[in-house]
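Below, each chain spelled out in residue letters.
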Amino acid sequence: MSTSFYETDAALAQYLLFHYGTPEQICPLLPEARGACGFPVRCVTEPLARLTLPPAARALDLGCAVGRSSFELARTFGEVMALDFSARFITAAQTMQREGAMTIRAPREGIALDEFRLTLPGDVPRERVQFRQGDACALPPNLGLFDLVLLANLIDRVPDPARCLAQLPALVAPGGWLVITSPYTWLEEYTPRGKWLDQGQGTLTSLRAHLAPGFRLAETFDLPMVIRDHHRKAQWTVTEASLWRRG
Ligand SMILES: C[S@@+](CC[C@H](N)C(=O)[O-])C[C@H]1O[C@@H](n2cnc3c(N)ncnc32)[C@H](O)[C@@H]1O
């Protein structure tokens, strides 16, 4: 399994800042990029603004990392299950759930670090989220049905994307929604080349083929994001969000 990066100190600090940091903490010298901050919130709010859902619905956040999207889902869904392969990410998400705040040290320059106090908004019903460590390509049985499943920037980070997608028809309730975001950054360090969804046809075309006939593509739109590397450098990326309706 090629997820060892997501167990490192560097990844933990980077993702906690990505999920819970302010635009000023993430992009201190890049005001132009600040509109792309808050991706873990926007990858929930922007799709939800386009969908109709039953009351007290259930959601599943696959590849939840340190949990900000899962908490955002809890504002709308009565029950949120959140799963990630990284045990350290899940422990951090549970700490945020318990304490509502964490202090991190993020790279500033060379060996110098910036210390940040990160907080979860006090009005998030955080008790609705259940975090668990697990493999999105081999999900535990009996998870039940969900009204929305979110795969935020997961599909190009798993070793077997087709296997991950094949489980989804059994997880999404009829009429429910699948939300996929991804920059489609295929890398052999995470996914063997032969298993990349894009073999020349484009990832969205491949997603459509893998998800048919159970899901119909309703809409796509661009969703930018920015992750801080250090004080003077950040990764500014545009993901594609696709909304799929379960037939
Ligand atoms: C690019 S990050 C995206 C995380 C989060 N959804 C976000 O948007 O910030 C990819 C995440 O997928 C997780 N991951 C990778 N392989 C996985 C697998 N097989 N099962 C579950 N999670 C996995 C990683 O631990 C990491 O948290």
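Residues numbered from 1 in each chain as written. Predicted model: local features only at pLDDT ≥ 70, side-chain atom pairs only at ≥ 80, totals over all residues. Heavy atoms only, no water.

A. Layout of helix α3 (residues 39-48). A large share of α3 lies buried, amounting to seven of its ten residues. Phe39, Pro40, Arg42, Cys43, Val44, Pro47 and Leu48 are the residues of α3 that are buried. For α3, the elements touching its buried residues are α1 (9-20), α4 (68-73), β6 (146-152), β7 (172-182), β8 (215-230) and β9 (233-246). (Buried < 20%, exposed > 50% of the residue type's maximum accessible area, 1.4 Å probe, protein only. Helix = DSSP H or I, 4+ residues; strand = E, 2+ residues; numbered from the N terminus. Contact = heavy atoms within 4.5 Å.)

B. Here's a closer look at the packing of aromatic side chains. Counted under the stated rule, the structure contains eight aromatic pairs. Relative to Phe39, the ring of Phe18 lies with its centre 6.1 Å away and its plane at 10 degrees, an arrangement referred to as stacked. Taken together, the residues span a long stretch of sequence, with Phe18 in helix α1 and Phe39 in helix α3 at a distance of 21 residues. Phe18 gets classed as buried once you look at its relative accessible area, which sits at 6%. Take Phe39: its relative accessible area is 2%, and that puts it in the buried class. Measuring from ring centre to ring centre gives 5.3 Å for Phe71 and Phe131, while their planes differ by 70 degrees; the resulting arrangement is edge-to-face. Separated by 60 residues along the polypeptide, Phe71 in helix α4 and Phe131 in strand β5 (residues 129-133) bring together distant segments of the chain. As far as the burial class goes, Phe71 and Phe131 line up, both buried. Three or more aromatic residues link up through ring pairs in this structure, and these residues are Phe5, Tyr6, Tyr15, Phe18, Phe39, Phe89 and Tyr190. The ring of Phe221 is capped by Arg50, whose NZ or CZ atom sits 3.6 Å from the centre of that ring. Sitting over the face of the ring of Phe215, Arg246 holds its NZ or CZ atom 5.5 Å from the ring centroid. (Phe/Tyr/Trp six-rings, centres within 6.5 Å; stacked < 30°, edge-to-face > 60°. Lys NZ or Arg CZ within 6 Å of the ring centre and 35° of its normal.)

C. Up close: the site of the ligand. Close to the ligand lie 20 residues; His19, Gly63, Asp84, Ala136 and Ala152 are nearest. A distance of 2.8 Å separates an oxygen atom of the ligand from a polar side-chain atom of His19. Between the ligand and Ala152 there is a distance of 2.7 Å, counted from a nitrogen atom to a backbone nitrogen or oxygen. In isolation the ligand has 590 Å² of accessible area, and contact with the protein removes 98% of it. (Near = heavy atom within 4 Å. Polar contact = N/O pair within 3.5 Å; in protein donor to acceptor, adjacent residues only side chain to side chain. Areas by Shrake-Rupley, 256 points an atom, 1.4 Å probe, with all protein chains shown as cover.)

D. Representation of the pattern of salt bridges within the structure. The full count for this structure, using the stated rule, is 14 salt bridges. With its nearest N and O atoms 3.2 Å apart, the salt bridge here joins Asp114 to Arg108. Its salt-bridge partner being Asp156, residue Arg157 comes within 3.9 Å of it at the nearest N-O pair. By relative accessible area, which is 17% here, Arg157 ends up buried. Residues joined in a network through salt bridges with shared partners are Arg68, Glu72, Arg75 and Asp123. (Salt bridge = Lys/Arg side-chain N within 4 Å of Asp/Glu carboxyl O.)

E. Region of interest: empty space enclosed by the protein. Throughout the structure, instances matching the rule amount to one cavity of 30 Å³ or more. Roughly 30 Å³ of volume is contained in the largest cavity. Taken together, Cys43, Val44, Pro47, Leu48, Leu73, Leu148, Leu150 and Val179 make up the full set of residues lining the largest cavity. For the lining of the largest cavity, the elements supplying multiple residues, two or more each, are α3 and β6. Considering each element in turn, the lining of the largest cavity owes the most residues, four residues, to α3. For the lining of the largest cavity, a count of residues per class yields eight nonpolar, no polar and no charged. (1 Å grid on protein atoms, 1.4 Å probe; cavity = no way out; pocket = protein on both sides within 12 Å on 5 of 7 lines; lining within 4 Å. Points joined across faces, edges and corners; volume = space filled by probe spheres on them. Nonpolar A, V, L, I, M, F, W, Y, C, P; charged D, E, K, R; others polar.)

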